[in-house]
Amino acid sequence: MLKLTVRIRHRDEHAGKPIVDLLLALYKRSGISGATVLQGIRGYGVRGSSRADVLGLSMNLPLVIETVDVPEKIHGVLVEVKSIVGTNGLISLEEVDVV
């Protein structure tokens, strides 16, 4: 099994739509068994820091979108995932054992 992980920020968009929504729709449309979105509380990367401001009014927190499925399904969406995410985040693949 392969785990596909995408790390972005909450407000990241592609073609005017939230990347997280586009990825979840792609996974579902492609028959991937499921996905989980995790929201971080703080992070940093090439594009700077991601965190809530002091008042918590302006949040652009890190998101991690993970899915696990057979390699054929994961590789089947990878080109489109790369196109949607672009330079907005980090995409990683990892072999996993599902127990």
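Okay, so let's go over this structure.

### Some points on the environment of Ile41
On the secondary structure map, Ile41 appears in the loop between strand S4 (36–39) and strand S5 (42–45). The exposure class assigned to Ile41 is exposed, which follows from its relative accessible area of 76%. Each C-alpha atom of the pair Ile41 and Asp21 lies 20 Å from the other, and the pair is 20 residues apart in sequence.

### A word on the sheet that holds strand S1 (residues 2–9)
Strand order in this open sheet of four strands is S4-S7-S1-S8, and the pairing throughout is antiparallel. The strands lining the two open edges of the sheet, one partner per strand, are S4 and strand S8 (90–95). Here the average twist between neighbouring strands, direction ignored, is 20°. Examined bridge by bridge, S1 and S8 share six bridges and lie antiparallel to one another. Considered in S8, the bridge of Arg7 is made with Leu90. Each of S1, strand S7 (62–69) and S8 is contacted by helix H2 (residues 71–85), which is oriented at about 15° to S1, the strand it contacts most.

### A closer look at the layout of surface pockets
There is about 380 Å³ of room inside the largest pocket. Taken together, 17 residues form the lining of the largest pocket, with Arg7, Tyr44, Gly45, Val46 and Gly89 sitting closest to its centre. Mapped by element, the contributors of at least two residues to the lining of the largest pocket are S1, S5, strand S6 (48–51) and S7. Across the lining of the largest pocket, the residue classes tally to seven nonpolar, seven polar and three charged.

### Here we look at the side chain of Asn60
With respect to the element layout, Asn60 can be found in the loop between S6 and S7. Of note is the side chain of Asn60, whose polar atom sits 3.4 Å from the backbone nitrogen of His10.

### Side note on helix H1 (residues 19–29)
An α-helix turns once every 3.6 residues. As a result, residues three or four positions apart point the same way. Here H1 has its buried residues at Ile19, Val20, Leu23, Leu26 and Tyr27. Along the axis of H1, the buried positions cluster into a sector of 130°, meaning they face one direction only. Pointing more than 90 degrees away from the buried face of H1 are the exposed residues Lys28 and Arg29. Tucked inside the fold, the buried residues of H1 contact S1, strand S2 (13–14), strand S3 (17–18), S4, S7 and H2.

What counts and what doesn't
Residues numbered from 1 in each chain as written. Predicted model: local features only at pLDDT ≥ 70, side-chain atom pairs only at ≥ 80, totals over all residues. Heavy atoms only, no water. Helix = DSSP H or I, 4+ residues; strand = E, 2+ residues; numbered from the N terminus. Buried < 20%, exposed > 50% of the residue type's maximum accessible area, 1.4 Å probe, protein only. Pairing = 2+ DSSP bridges. Axes fitted to C-alpha atoms, helices over the stretch in contact; angles between N-to-C directions. Contact = heavy atoms within 4.5 Å. 1 Å grid on protein atoms, 1.4 Å probe; cavity = no way out; pocket = protein on both sides within 12 Å on 5 of 7 lines; lining within 4 Å. Points joined across faces, edges and corners; volume = space filled by probe spheres on them. Nonpolar A, V, L, I, M, F, W, Y, C, P; charged D, E, K, R; others polar. Polar contact = N/O pair within 3.5 Å; in protein donor to acceptor, adjacent residues only side chain to side chain. Arc of directions from axis to C-beta.

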